[in-house]
Amino acid sequence: MFSVKTISLLIAAIAPLGLAAPAGNETIEADYWAQFCNDSGCSQGCGESVQVSNPGCLNESGRKSILFHGTSGGDYALVVSPSGNCPCQNACESVPSGATCLDISQYGSAQSFRFISGNCAGNNC
């Protein structure tokens, strides 16, 4: 027979494991990912995937499209900068919900990009 003290220790050791495990019917929301590509059709020379929810600067000059995958979970916009390291915004475009490929060839002279949550603000370059 186990003593009350032994049973209490077992319960204390096992309880956190049960609390940390997700229930069978829970889903974990996926993030939205983007890959900058060399052609306007999202099929050639696509780079590493980056999280769209990360507002960091992406020095991706010369890219012509963005391949999206995952679940957006919100509204995002692409901020375009004329020089590296995203110093300002000279163009901005909303990312269409459910988009899989966004042609950015019209921003051929842009040197850097970043994603923001929500809508575009005014240009400030």
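Residues numbered from 1 in each chain as written. Predicted model: local features only at pLDDT ≥ 70, side-chain atom pairs only at ≥ 80, totals over all residues. Heavy atoms only, no water.

A. A look at the environment of H69. As for its placement among the helices and strands, H69 is situated in strand β3 (residues 65–70). When near neighbours in sequence (up to four residues on either side) are disregarded, H69 contacts D31, Y32, W33, Q35 and S49. (Helix = DSSP H or I, 4+ residues; strand = E, 2+ residues; numbered from the N terminus. Contact = heavy atoms within 4.5 Å.)

B. The arrangement of the state of the cysteines in detail. Under the criterion given, the structure shown has five disulfides. Here C37 is linked by a disulfide to C46, with a sulfur-sulfur distance of 2.1 Å. Looking down the S-S bond of the C37 and C46 bridge, the torsion is 105 degrees, so its handedness is right-handed. The class for C37 is buried, based on a relative accessible area of 0%. Linked covalently through their sulfurs, C88 and C125 form a disulfide whose S-S length is 1.9 Å. Its S-S torsion of approximately 100 degrees makes the covalent link between C88 and C125 right-handed. Taken together, the positions of C88 in the loop between β4 (76–81) and β5 (91–95) and C125 in the segment after β7 (112–117) put the pair 37 residues apart, joining distant regions of the chain. You can call C88 buried: its relative accessible area is 17%. Under the relative-accessibility criterion, C125 is labelled exposed at 55%. Cysteine pairing in the chain follows 1-3, 2-8, 4-5, 6-10, 7-9, where each cysteine in a disulfide is numbered by its order in the sequence. (Disulfide = S-S within 2.5 Å. Buried < 20%, exposed > 50% of the residue type's maximum accessible area, 1.4 Å probe, protein only.)

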